[in-house]
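Here is what each chain is made of, one letter per residue.
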Amino acid sequence: MLTIRRVTATLGLSAALLVSSAGVASAQSWSTTDPTGDVVKATAERDPVGHPETIQSSSTRRVGDVRAVAVSHTTSGVVIKMTMHALPTGNWMGMTTIRTPTRSYDVFHMRFSGRSWVSFTKTRGDGTELPCAVRSSQISGTSVIIRVGRTCLGNPSAVRVAAGVSIYPRSGMQTAYIDDGLRRGFVNFDSMAFSPVIRRG
């Protein structure tokens with residue numbers, strides 16, 4: 001589960017293994033569309049993402065509103081592409097969780113204080129960065145593309161993936177605009193939706 005403590009630990013300032021999602025699957029790839037207008041505004045004193053105290057619809061918001069997710073699982077790695085209606089600016093995260101048959105990892109595109117990097121940690125861990133030489137992210141148009149090598153994941157035969165976007169409009173991180181890219185709405189990171197099994201190509 002993501003917590004603000006983990007975000008700030010990764011920053012220096014620097015989910016969940018439930019629910020299947022509809023989509024199109026093959027031996028090595030999967031893709032789906034996400035409803036428009038399903039961004040929510042979550043607030044909490046300490047952790048609006050992991051433990052939101054209030055959740056309100058922000059249906060007119062298009063920044064960070066995920067409209068499509070595509071995953072490719074090749075012999076070299078896993079590539080996750082999230083396409084939004086409009087790309088966020090300021091502080092935000094492109095969040096993915098990769099579940100293998102034996103492990104689960106959080107792989108985030110982080111953008112805070114004008115700096116971007118990729119965070120690679122154990123799901124429900126203490127936020128400690130794991131060694132992984134083959135990881136990257138890039139922005140292409142309104143998409144964020146996250147890549148991680150299979151060696152970093154333990155060379156799994158198959159994976160399932162969760163994906164979403166979280167935007168922090170003000171300092172302090174008590175408010176976040178969040179979209180679960182694989183289903184309508186958002187409750188918390190313990191209920192993020194996962195893709196079907198995607199086997200290695």
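This text goes with the structure placed above it.
What comes next concerns the included structure. Just so it is clear, the structure is predicted and the values come from calculations on it, not from any experiment.

## With respect to the overall build of the chain
Part 1 of the argument: The secondary structure content of the chain amounts to 1 helix and 14 strands.
Part 2 of the argument: Total accessible area computed for the chain in this model is approximately 8,600 Å², and 50% of it derives from carbon and sulfur atoms.

## A word on the pairing of strand β8 (residues 104-112)
Within a regular strand, side chains alternate between the sheet's two faces.
Part 1 of the argument: The element β8 is extensively covered by neighbouring structure, given that 8 of its 9 residues are classed as buried.
Part 2 of the argument: Both strand β7 (residues 91-99) and β8 contribute to a ladder of 8 bridges, which runs antiparallel. Bridge pairing links arginine 99 to serine 104 in β8.
Part 3 of the argument: Taking the residues between adjacent antiparallel strands as the criterion, β7 and β8 are bridged by 4 residues.
Part 4 of the argument: Judged from the 8 bridges that link them, β8 and strand β9 (residues 115-122) form a sheet pairing that is antiparallel. By the bridge assignment, phenylalanine 112 is partnered in β9 with arginine 115.

## Side note on the packing of aromatic side chains
Part 1 of the argument: On inspection of all chains with the given rule, the structure shows 3 aromatic pairs.
Part 2 of the argument: Arranged with centres 5.1 Å apart and planes meeting at 15°, the rings of tyrosine 105 and phenylalanine 120 form a pair that is stacked. Taken together, the residues span a long stretch of sequence, with tyrosine 105 in strand β8 and phenylalanine 120 in strand β9 at a distance of 15 residues.
Part 3 of the argument: Looking at arginine 61, its charged tip hangs above the ring of tyrosine 177, at a distance of 3.9 Å from the centre.
Part 4 of the argument: Sitting over the ring of tryptophan 117, arginine 115 keeps its end group 4.1 Å from the ring centre.

## Brief notes about the state of the cysteines
Part 1 of the argument: Applying the stated rule across the entire model yields 1 disulfide.
Part 2 of the argument: Paired by a disulfide, cysteine 132 and cysteine 152 hold their sulfur atoms 2.1 Å apart. Taking the sign of the torsion about the S-S bond as the criterion, the disulfide between cysteine 132 and cysteine 152, at about 95°, is right-handed. Of this pair, cysteine 132 sits in the loop between β9 and β10 (135-140) while cysteine 152 is found in the loop between β11 (143-149) and β12 (158-168), placing the two residues 20 residues apart along the sequence. Cysteine 152 carries the same exposure label as cysteine 132, and that label is buried.

## Remarks on the nonpolar core
Part 1 of the argument: Ranked by internal contacts, the top residues of the largest apolar core, which has 30 residues, are Val69, Val71, Val78, Ile80, Ile98, Phe120 and Val148.
Part 2 of the argument: Taken together, the elements giving at least two residues each to this core come down to β5 (66-73), β6 (77-84), β7, β8, β9, β11 and β12.
Part 3 of the argument: No other element matches the 5 residues that β12 contributes to this core.
Part 4 of the argument: Not counting the four nearest positions on each side in its chain, phenylalanine 120 is found in contact with Tyr105, Asp106, Val107, Thr128, Glu129, Leu130, Pro131, Cys132, Arg135, Val148, Cys152 and Leu153.
Part 5 of the argument: Counting 18 residues, the second largest nonpolar core, distinct from the first, contains Ala42, Met95, Phe112 and Ile178.

## With respect to the side chain of aspartate 65
Part 1 of the argument: Positionally, aspartate 65 belongs in the loop between β4 (54-57) and β5.
Part 2 of the argument: In this structure, aspartate 65 is in contact with Pro35, Thr36, Gly37, Asp38, Val39, Thr83, Met84, His85 and Asp179, ignoring residues within four places of it in sequence.

Analysis parameters
Residues numbered from 1 in each chain as written. Predicted model: local features only at pLDDT ≥ 70, side-chain atom pairs only at ≥ 80, totals over all residues. Heavy atoms only, no water. Helix = DSSP H or I, 4+ residues; strand = E, 2+ residues; numbered from the N terminus. Areas by Shrake-Rupley, 256 points an atom, 1.4 Å probe, with all protein chains shown as cover. Buried < 20%, exposed > 50% of the residue type's maximum accessible area, 1.4 Å probe, protein only. Pairing = 2+ DSSP bridges. Phe/Tyr/Trp six-rings, centres within 6.5 Å; stacked < 30°, edge-to-face > 60°. Lys NZ or Arg CZ within 6 Å of the ring centre and 35° of its normal. Disulfide = S-S within 2.5 Å. Core = buried A, V, L, I, M, F, W, Y, C linked by side-chain atoms within 4.5 Å. Contact = heavy atoms within 4.5 Å.

What is shown is where atoms sit, not what they do.
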